[in-house]
Amino acid sequence: MGLDIGGTKTLAVLLAPDGTVAAQTRLPTAPGPRGVLDGAVRAVEGVTRAADVPVEDVTGVGVGIPGLVDAVDGSVRHAVNLGLDGEALELATLLSARLGGIGVGVENDLNVAAVGAAHLLEVADPASGPVDLAFLALGTGLAAGVVLDGRLRRGSHGAAGEIGHVPVDPAGPPCACGQRGCLELYASGSAISAVWPTTSGRPAPVELFEAAEAGDPRAVAVRDRYASAVAAAVRLLVLSVDVRYVVLGGGVSQLGQPLLEAVQEALEDESAASGFLRSLDLPGRVRLAPGRVPVGAVGAAVVGRGHAARVPDLR
Ligand SMILES: [Zn+2]
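With an unreviewed UniProt entry as reference, the protein chain is termed ROK family protein, source organism Isoptericola sediminis. Per UniProt, the protein chain carries the Sequence similarities (unreviewed entry) text "Belongs to the ROK (NagC/XylR) family."

See below:
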């Protein structure tokens with residue numbers, strides 16, 4: 001079982017023993033320690049009911065949640081959007097107790113998305129072996145979750161994939177992190193809202209890409225600059241750890257194909273003058289996060305499988 005607890009909604013999936021999605025559900029997230037915990041219990045009950053499987057048959061529960069997660073003890077802090085900005089919430093311990101002792105694992109929301117994307121690629125092509133990928137979240141901020149040889153890599157300080165704070169312009173504007181000209185200021189979803197303020201109430205990336213598609217020259221310039229910033233993030237990930245795939249996720253990825261094409265075009269343009277880059281086939285490594293499958297919840301379920309307190313009976 002996997003839960004992806006976001007600021008407004010919680011997605012839950014039940015994975016069958018073969019790794020496919022057996023059932024899924026979504027419900028609104030309630031804030032605060034109480035709201036989050038009760039919501040998690042309701043999500044587990046909801047999805048087991050949808051699958052007609054007793055809660056006792058669930059072998060492990062994984063939770064993806066924003067904020068600072070201690071994956072060892074399963075606690076979460078500083079999830080401000082969820083009203084968890086006081087003391088640490090011992091989510092794994094408390095949820096396990098509410099579910100009759102089922103093993104519970106907790107992981108950062110970006111990391112479960114990376115694990116979920118890797119899992120879906122493995123299920124789609126079991127012969128391909130362990131997956132190497134980075135899940136690049138283009139949202140309020142910019143960061144990547146990294147899976148190498150099929151394993152989530154957090155790094156020694158949990159900072160693996162924090163490429164949003166690599167400065168790309170030393171003379172650029174100040175970043176909230178204290179540096180100047182960080183990549184996040186050019187390639188995140190917020191970067192689009194900053195340069196292309198929305199007028200219709202629709203998301204800024206949608207308005208920008210539509211205006212560019214309609215031929216507005218200023219929109220074309222802004223879109224292309226954005227695409228090359230995302231391309232820079234892709235290049236950074238490939239040149240650091242040579243991941244086979246860079247999966248574009250986060251709010252901006254809901255643009256779908258037009259985003260993918262713009263980023264691939266930027267990568268092709270940048271490779272034109274470099275035989276070295278061309279040999280790495282950067283455009284061929286970029287993928288869109290699957291739209292219909294809740295990739296974070298799937299990854300959370302994979303994390304939960306690793307915390308299973310009981311061995312499933314597969315006979
Ligand atoms: Zn920064």
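Anyway, onward from the coordinates.
What follows concerns the domain arrangement of the protein chain. If you check the domain split of the protein chain, you get domain 1 (2–112 + 294–309) and domain 2 (127–288). Using C-alpha coordinates to define each centre, domain 1 is positioned 28 Å away from domain 2. Across the boundary between the two partners, domain 1 contributes 5 residues, which contact 7 residues of domain 2. Both sides of the domain 1 and domain 2 interface together cover about 490 Å² of buried area, and 69% of this is carbon and sulfur.

The coordination sphere of the zinc ion, as far as protein atoms go, consists of His-165 (ND1), Cys-175 (SG), Cys-177 (SG) and Cys-182 (SG), spread over 2.0 to 2.3 Å. Coordination at the zinc ion is tetrahedral: its 4 donor atoms span angles of 105 to 121° at the metal. Expressed as a motif, the donor residue spacing for the zinc ion is H-x9-C-x1-C-x4-C. A relative accessible area of 0% means that Cys-182 is categorised as buried.

Here we take up the sheet that holds strand β7 (residues 104–108). The mixed open sheet is built from 5 strands, whose spatial order is β3-β2-β1-β4-β7. Lying at the two open borders of the sheet, with one neighbouring strand each, are β3 (21–28) and β7. Between one strand axis and the next, the sheet turns through 15° on average, direction left out of account. Pairing of strand β1 (residues 2–5) with strand β4 (residues 61–65) involves 3 bridges; the strand directions are parallel. Bridge pairing in β4 links Gly-2 to Gly-62. Where helix α2 (residues 91–98) meets the sheet, it contacts β1, β4 and β7, and its direction lies at approximately 145° from that of β7. In the packing of helix α3 (residues 109–124) onto the sheet, the strands contacted are β1, β2 (9–15), β4 and β7, and the crossing angle to β7 comes to about 105°.

This part covers the packing of α3 against helix α10 (residues 295–305). Contact geometry for α3 and α10: axes closest at 6 Å, N-to-C directions at 90°. Between α3 and α10, the crossing angle belongs to the class labelled roughly perpendicular. Contacts from Val-112, Ala-113, Val-115, Gly-116, Ala-117, His-119 and Leu-120 of α3 reach α10 at Val-295, Gly-296, Val-298, Gly-299, Ala-300, Val-302, Val-303 and Arg-305. Considering only residue class, the contact of α3 with α10 consists of 10 nonpolar, 4 polar and 1 charged.

Our next topic: helix α1 (residues 32–51). Its 20 residues place the ends of α1 28 Å apart at the C-alpha level, agreeing with the 28 Å of an ideal helix rising 1.5 Å per residue. What α1 keeps buried is the set Gly-32, Gly-35, Val-36, Leu-37, Gly-39, Ala-40, Val-41, Ala-43, Val-44, Gly-46, Val-47 and Thr-48.

As for its placement among the helices and strands, Glu-107 is situated in strand β7. Excluding anything up to four places from it in sequence, Glu-107 contacts Val-63, Gly-64, Ile-65, Val-69, Ala-71, Val-112, Leu-152, Arg-154 and Val-303.

What counts, and at which threshold
- Residues numbered from 1 in each chain as written.
- Predicted model: local features only at pLDDT ≥ 70, side-chain atom pairs only at ≥ 80, totals over all residues.
- Heavy atoms only, no water.
- UniProt positions renumbered as here; feature names shortened; annotations may be inferred.
- Domains from an automatic or database assignment.
- Contact = heavy atoms within 4.5 Å.
- Buried area = accessible area lost by both parts, 1.4 Å probe.
- Donors = N, O, S within 2.8 Å, 3.2 Å for Na, K, Ca; no water.
- Tetrahedral: all angles 85-135°; square planar, octahedral: opposite > 155°, others 65-115°.
- Buried < 20%, exposed > 50% of the residue type's maximum accessible area, 1.4 Å probe, protein only.
- Pairing = 2+ DSSP bridges.
- Helix = DSSP H or I, 4+ residues; strand = E, 2+ residues; numbered from the N terminus.
- Axes fitted to C-alpha atoms, helices over the stretch in contact; angles between N-to-C directions.
- Parallel < 35°, antiparallel > 145°, perpendicular 65-115°, else oblique.
- Nonpolar A, V, L, I, M, F, W, Y, C, P; charged D, E, K, R; others polar.
- Expected span 1.5 Å × (residues − 1).

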